[in-house]
Every structure is written in structure tokens, then in C-alpha cells.
Amino acid sequence: MQKLGLLIVALLAALAVYRCNAAAATVRVQLTHADAGRGLVGHELMQRMAMRSKARARRLLSSSVSAPVSPGTYDDGVPSTEYLMHMAIGMPPQPVQLTLDTGSDLTWTQCLRPCPAAASAACFKFNQSLPYFDASRSSTFKSLSCESAPCQNLTGTACGNDPKYWPNPTCTYEYSYGDGSLTTGELDSETFTFGAGTGASLQTSLPGVAFGCGLNNTGVFTSNETGIAGFGRGPLSLPSQLKVGSFSHCFTSITGSKPSTVLLDPPADLYSNGRGAVQTTPLIKNPRHPTFYYLLLKGITVGSTWLPVPESESALRNGIGGNTFIDSGTAITSLPPPVYRHVCDAFAAQVKLPVVTSNATDSFTCFLAPPRAKPDVPKLVLHLEGATMDLPRENYVFEIEEEGSTRICLALNEGDETSVIGNFQQQNMHVLYDLQNSKLSFVPAQCDLL
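Throughout, a residue's number is its position along its own chain's written sequence, starting from 1. The model is predicted, so local features are restricted to residues of pLDDT at least 70 and side-chain atom pairs to those at 80 or more, both for listing and for counting; the totals for chains, interfaces and linings are taken over all residues. No hydrogens and no water enter the side-chain calculation; it runs on all heavy atoms of the structure.

1. A few points about the sheet that holds strand 16 (residues 305-308)
Item 1. For two strands to be treated as a pair, DSSP must find no fewer than two bridges joining them. Counting from the N terminus, the helices are the DSSP runs of H or I reaching at least four residues and the strands are the DSSP runs of E reaching at least two. Spatially, four strands are ordered 16-15-20-21 in an open sheet, and the strand pairing comes out antiparallel. This sheet does not close on itself; its edge strands, each paired only once, are strand 16 and strand 21 (387-391). Mean inter-strand twist for the sheet, computed between neighbouring axes without regard to direction, equals 20 degrees.
Item 2. Summarising the sheet, strand 15 (residues 297-302) and strand 20 (residues 380-384) pair through five bridges and their orientation is antiparallel. Here an axis means a line fitted to C-alpha atoms, over the contact stretch when the element is a helix, while the angle between two N-to-C directions is reported on a 0 to 180 degree scale.

2. A word on the environment of phenylalanine 251
Item 1. Looking at where phenylalanine 251 falls in the secondary structure, it is placed in the loop between strand 11 (246-250) and strand 12 (260-264).
Item 2. By relative accessible area, phenylalanine 251 is classed as buried at 0%.
Item 3. Considering only alpha carbons, one finds phenylalanine 251 and asparagine 423, 172 residues apart in sequence, at a separation of 7.5 Å.
Item 4. Ignoring sequence-local partners within four residues, the contact set of phenylalanine 251 consists of Leu31, Tyr83, Leu100, Ser260, Ser328, Asn423, Gln426, Gln427, Asn428, Met429 and Cys447. For every residue, the accessible area obtained with a 1.4 Å probe (protein chains only) is divided by the maximum for its type, and the residue is called buried under 20%, exposed over 50%, and partly exposed between those limits. We call two residues in contact whenever any of their non-hydrogen atoms come within 4.5 Å of each other.

3. Examining the nonpolar core
Item 1. Residue types Ala, Val, Leu, Ile, Met, Phe, Trp, Tyr and Cys, when buried and joined through side-chain atoms within 4.5 Å, form a set referred to as a nonpolar core. Of all hydrophobic cores here, the largest spans 79 residues; its most connected members are Phe194, Phe231, Ile300, Val343 and Phe347.
Item 2. Here this core takes seven residues from helix 6 (residues 337-351), the largest share from any one element.
Item 3. Sequence-distant contacts of valine 343, that is, excluding residues within four places in its chain, are made with Ile300, Val302, Leu307, Leu335, Leu380, Leu410 and Leu412.
Item 4. In this structure, Phe126, Leu144, Ala210 and Ile228 belong to the second largest nonpolar core, which totals 13 residues.

4. Topic: the environment of lysine 243
Item 1. Looking at the secondary structure, you find lysine 243 in the loop between helix 4 (238-241) and strand 11.
Item 2. Lysine 243 sits 22 residues away from aspartate 265 along the chain, and the two C-alpha atoms are 9.0 Å apart.

5. Overview of the state of the cysteines
Item 1. Cysteine sulfur atoms that pair up within 2.5 Å are treated as a disulfide. Throughout the structure, instances matching the rule amount to five disulfides.
Item 2. Across the disulfide, cysteine 146 is cross-linked to cysteine 159 (sulfur-sulfur distance 1.9 Å). On the sign convention where negative is left-handed, the bridge of cysteine 146 and cysteine 159, at about 95 degrees about the S-S bond, is right-handed. With a gap of 13 residues between them, cysteine 146 in the loop between strand 5 (142-143) and helix 3 (149-152) and cysteine 159 in strand 6 (residues 157-160) connect regions that are remote in the sequence.
Item 3. Through a disulfide, cysteine 151 is tied to cysteine 171; the S-S separation comes to 2.1 Å. Note on the cysteine 151 and cysteine 171 pair: the S-S dihedral is about 85 degrees, so by sign convention the disulfide is right-handed. Here cysteine 171 lies in strand 7 (residues 170-176) and cysteine 151 lies in helix 3, a separation of 20 residues in the sequence.

6. Side note on the sheet that holds strand 23 (residues 405-410)
Item 1. Sheet architecture is open: three strands sit in the order 19-23-22, paired in antiparallel fashion. What marks the edges here is a single partner per strand, and that holds for strand 19 (365-369) and strand 22 (397-402). Neighbour-to-neighbour, the strand axes of the sheet open up by a mean angle of 25 degrees, direction not taken into account.
Item 2. Where strand 19 meets strand 23, five bridges bridge the pair, whose relative direction is antiparallel. Paired with leucine 368 across the two strands is arginine 407, which belongs to strand 23.
Item 3. Across the sheet, helix 6 is in contact with strand 19, strand 22 and strand 23; its angle to strand 19 comes to roughly 10 degrees.

7. Things to note about the confidence of the model for the protein
Item 1. The predicted model of the protein has a mean per-residue pLDDT of 80, with 73% of residues at 70 or higher.
Item 2. Counting contacts from residues 1-23, a segment whose pLDDT is below 50, to residues more than four positions away or on other chains yields four contacts.
Item 3. Confidence drops under pLDDT 50 across residues 62-79; counting only partners more than four residues distant or on other chains, this segment forms 56 contacts. How sure the predictor is of each residue is captured by pLDDT, a score from 0 to 100.

8. Things to note about the side chain of glutamine 128
Item 1. Among the structural elements, glutamine 128 can be located in the loop between strand 4 (108-110) and strand 5.
Item 2. A polar side-chain atom of glutamine 128 sits 2.9 Å from the main-chain carbonyl oxygen of leucine 130.
Item 3. At a separation of 3.2 Å, a polar atom in the side chain of glutamine 128 contacts the main-chain carbonyl oxygen of proline 131.
Item 4. If we ignore the near neighbours within four places in the chain, the residues touching glutamine 128 are Gln110, Asn224, Glu225 and Thr226. Polar contact criterion, stated in full: a pair of N or O atoms within 3.5 Å, where within protein one must be able to donate a hydrogen and the other to accept it, and residues adjacent in sequence count only if both atoms are side-chain atoms.

9. Points about the side chain of serine 328
Item 1. By secondary structure assignment, the location of serine 328 is in the loop between strand 17 (324-326) and strand 18 (334-335).
Item 2. Judged by its relative accessible area of 1%, serine 328 falls in the buried class.
Item 3. A polar atom in the side chain of serine 328 sits 3.2 Å from the backbone oxygen of leucine 100.
Item 4. Apart from the residues within four sequence positions on either side, serine 328 is in contact with Glu82, Tyr83, Leu100, Asp101, Thr102, Phe251 and Asn423.

10. Thoughts on helix 6
Item 1. The length a helix should cover is 1.5 Å for every residue beyond the first. With 15 residues, helix 6 should reach 21 Å at 1.5 Å per residue; the first-to-last C-alpha distance of 21 Å fits that figure.
Item 2. Residues Val339, Tyr340, Val343, Cys344, Ala346, Phe347 and Val351 constitute the buried set of helix 6. The arc that holds every buried residue of helix 6, seen down its axis, measures 165 degrees, which confines them to one face. Turned more than 90 degrees away from the buried face of helix 6, the exposed residues are Asp345 and Ala349.
Item 3. With its phi angle positive at about 55 degrees, lysine 352 sits one or two positions after the end of helix 6. Think of it as the arc spanned by the lines of direction from the helix axis to the C-beta atoms.

Structure below.
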């Protein structure tokens with residue numbers, strides 16, 4: 001009996017080591033762009049991304065918004081998101097497609113569950129191509145109590161105590177947003193499987209991840225997503241729950257069809273295949289927006305012209321060092337109005353092409369060039385604290401071929417007092433969020449070969 005006891009102890013110890021090693025191993029997740037496979041030409045892609053970016057920027061910094069879900073109302077079925085993560089929840093795994101969002105913490109997906117009591121008549125689930133997550137089919141599903149740590153870490157929670165739907169007091173949540181979007185459900189615990197449904201030979205399953213089981217979800221959800229994957233800085237985000245020291249993403253070309261990649265706990269030699277010098281800048285915490293990844297943008301070089309980027313008035317007033325944040329859910333970089341105008345003026349003075357005053361790309365500043373021309377354009381460089389983001393041409397300029405002319409457009413938006421670095425400017429750039437040391441690193445890379 002004593003030998004049996006020692007054997008059991010040894011097995012449990014081995015299992016514990018295995019689970020620790022499994023959690024510490026690099027986890028790879030595949031991403032697809034929301035507009036992939038829609039047959040859109042370049043200027044159509046850019047126009048849609050500009051619409052999403054402007055709406056998201058307005059909402060992200062609104063005091064009424066607790067966690068971004070959708071950037072507002074669009075016509076013609078424009079997607080409300082940028083990148084979809086392909087993974088699975090439950091055991092056996094059920095596939096989900098979640099919007100990658102570095103600007104929020106809560107991860108949630110739509111669930112096949114009845115709505116509580118009288119609210120059932122008002123409950124709504126947006127359309128999705130995948131089946132709703134069915135908790136009754138999973139052997140690892142667990143409802144979380146109102147006293148659980150995840151429930152205590154989530155704002156906007158209540159205690160569900162209707163015995164018809166919750167035999168035990170269950171943590172429920174409700175988030176409403178400035179654009180009228182709403183997600184309501186219960187906070188549960190499940191096994192998350194990464195690499196499932198993507199053809200990957202290696203899959204990683206991690207148990208006990210807190211997530212929102214969405215029962216009533218209204219808003220603009222037109223990207224074929226099933227929910228949101230929160231990658232922000234709060235305790236309920238996926239990186240925080242999985243206790244990873246860092247994560248990275250590498251976005252392939254927006255106009256291509258190759259999938260992009262997210263790595264959780266990437267390897268130490270992450271940048272061994274980089275195509276330049278690794279740049280590193282501090283991540284700054286903003287107490288007013290603790291979820292966001294803030295940076296200090298000190299200036300912008302346009303060709304031969306240096307333009308300073310001042311601290312925002314609110315940042316100075318509140319003693320906050322960051323004036324910019326980097327965001328996976330924003331497509332096009334936005335700049336404060338005075339900075340945006342100075343950048344456009346410096347670009348126009350050096351490109352020496354006539355400005356297009358009114359056109360189908362009103363969201364952008366464009367210039368008229370001869371047909372099929374690809375004239376030289378001024379360099380665009382973002383100067384961060386201790387780092388330089390030297391953008392390649394394709395990350396800040398795009399062309400539109402029309403009969404008899406070519407339009408050269410600057411892929412920047414005019415925003416509010418806080419700058420946002422969007423994913424268009426991060427194409428083919430491997431970006432590492434070093435959570436342990438509060439640093440952001442990046443290097444040019446061929447992301448489709450990662």
C-alpha cells in the first residue's frame with residue numbers, strides 16, 4: 001500500500017510538471033483578416049478600414065465605454081472587426097472565431113443557452129456561421145460563483161439566483177457600450193484549445209479559463225465572429241489568465257490572403273528571422289484606461305521634416321506619460337488634428353503632386369499622379385521613446401489606378417488628442433508585448449513565413 005501511495009504521489013508530481021511545461025510552451029494561434037476572401041480591391045479595403053478605425057477611436061476613449069465590442073453602424077455589411085482568432089472552447093473542443101482585441105479584457109462567445117426568465121423575449125444572438133457554443137456537450141464546463149476571483153475582477157457583474165436557470169448563485173455580467181452595443185451572459189470556466197480547426201499539427205489545451213457565455217448580444221457584428229478575445233492588460237485578459245510573460249503578433253499584408261499569427265509565450269529566439277534591428281520602447285500604464293497599451297510618441301519625420309508630437313492636454317493634466325496607444329482592433333493610424341495637418345502639409349510639400357480635393361477616398365489625403373506611376377514619396381518615421389518605427393512605403397501609402405490617372409493616398413486618419421497606431425502600419429512587423437518587463441518590441445518580418 002505504501003508503494004502504491006508513493007507511485008500515486010510520483011504520478012501527480014509528473015502531471016503537475018507536465019501541465020506547467022505545457023502552459024509555458026509557446027502557443028500558436030492563427031488569425032484571418034475580416035475582409036479576407038471578399039474580393040475587394042485596394043481602395044475598397046482602405047475605405048472600409050478607415051470607417052472602422054474612426055468609429056473605434058471615437059468609442060475607445062469615451063468614458064461610457066468599459067470594453068470595446070463593435071465600432072458603430074456601417075452600411076453594406078462592412079465588418080466591425082479586424083482580425084479573427086481561430087480556436088476552440090470545451091472538451092471535446094467546439095470551434096469559435098473570436099475578434100483579437102488588445103483594447104479589452106473579457107473574452108466571450110455566444111452560447112446555446114436559454115435566456116433567464118422574462119428577459120428571454122428580448123434576448124438576441126447575432127448570426128454566425130459556426131454553431132453556438134453548447135455547454136451541455138462539454139465535460140469541463142463550470143459556472144463561476146459570485147465569490148470567485150474572476151467575478152470579483154470583472155466590473156458590471158451581478159449574482160444570478162433564479163433557481164430555474166441557476167441552481168446555485170452564478171456570476172452574471174452585462175456590458176453596454178456608447179454605440180448601443182450590448183453583451184449579457186454568465187461568467188464561466190472552460191478548457192481553451194489553441195490550434196484547433198486550423199490544420200495545425202500541434203494543439204494546446206489549457207483548462208480553467210474564465211470566459212463570458214454570451215446570452216444576449218446586440219450591436220453590429222458582421223465579421224462572422226462568435227465573440228471577442230480580450231488581450232488587454234487587465235486580470236481577465238487571455239494573456240493574464242494564461243500567466244504568459246509575453247505575447248506577439250505578426251500581421252501579413254492586408255491585401256493578401258495569407259493568415260497571420262499570434263504567439264503566446266513566444267520563444268527566446270523570436271527575432272532570429274527578423275529583417276532589421278529590434279526596436280524597444282516602454283509600455284506605459286494609464287490609470288484612466290488601464291486596459292490599453294500606451295506608448296510615448298515623441299515625434300514624426302516626414303522626409304526631411306521633423307514634427308514634434310506634444311503630450312495631450314488630458315495626459316499633462318493627469319500626470320500620465322503616454323500620448324499614444326497601439327491597438328490590434330484599429331486598422332489605420334490616427335493622429336491629433338494639428339499633428340495630422342502638419343504631417344499632410346509636410347508630405348504635400350515634398351511629394352510635389354497636386355492634392356485631390358474631393359474623391360471616393362475622402363477619408364484620406366490623396367495626390368494626383370500620372371497613370372500607372374509610382375513616384376517617390378517622403379519617408380514616414382514614428383519616433384517612440386527609445387525606438388524608431390521606420391515604416392516601409394506599403395505601410396503608409398496606397399495607390400488607386402483610375403482611367404487616365406493614379407491617386408497616391410496617405411494611409412492616416414485625423415483623430416482626437418490621443419494617437420492610435422493601427423494594424424495597417426504594423427503589416428509584416430513582428431510586435432512583441434513584453435508584459436513582464438512592460439516593454440514593446442518590434443522588428444520588420446515576413447509574417448507569412450513565421
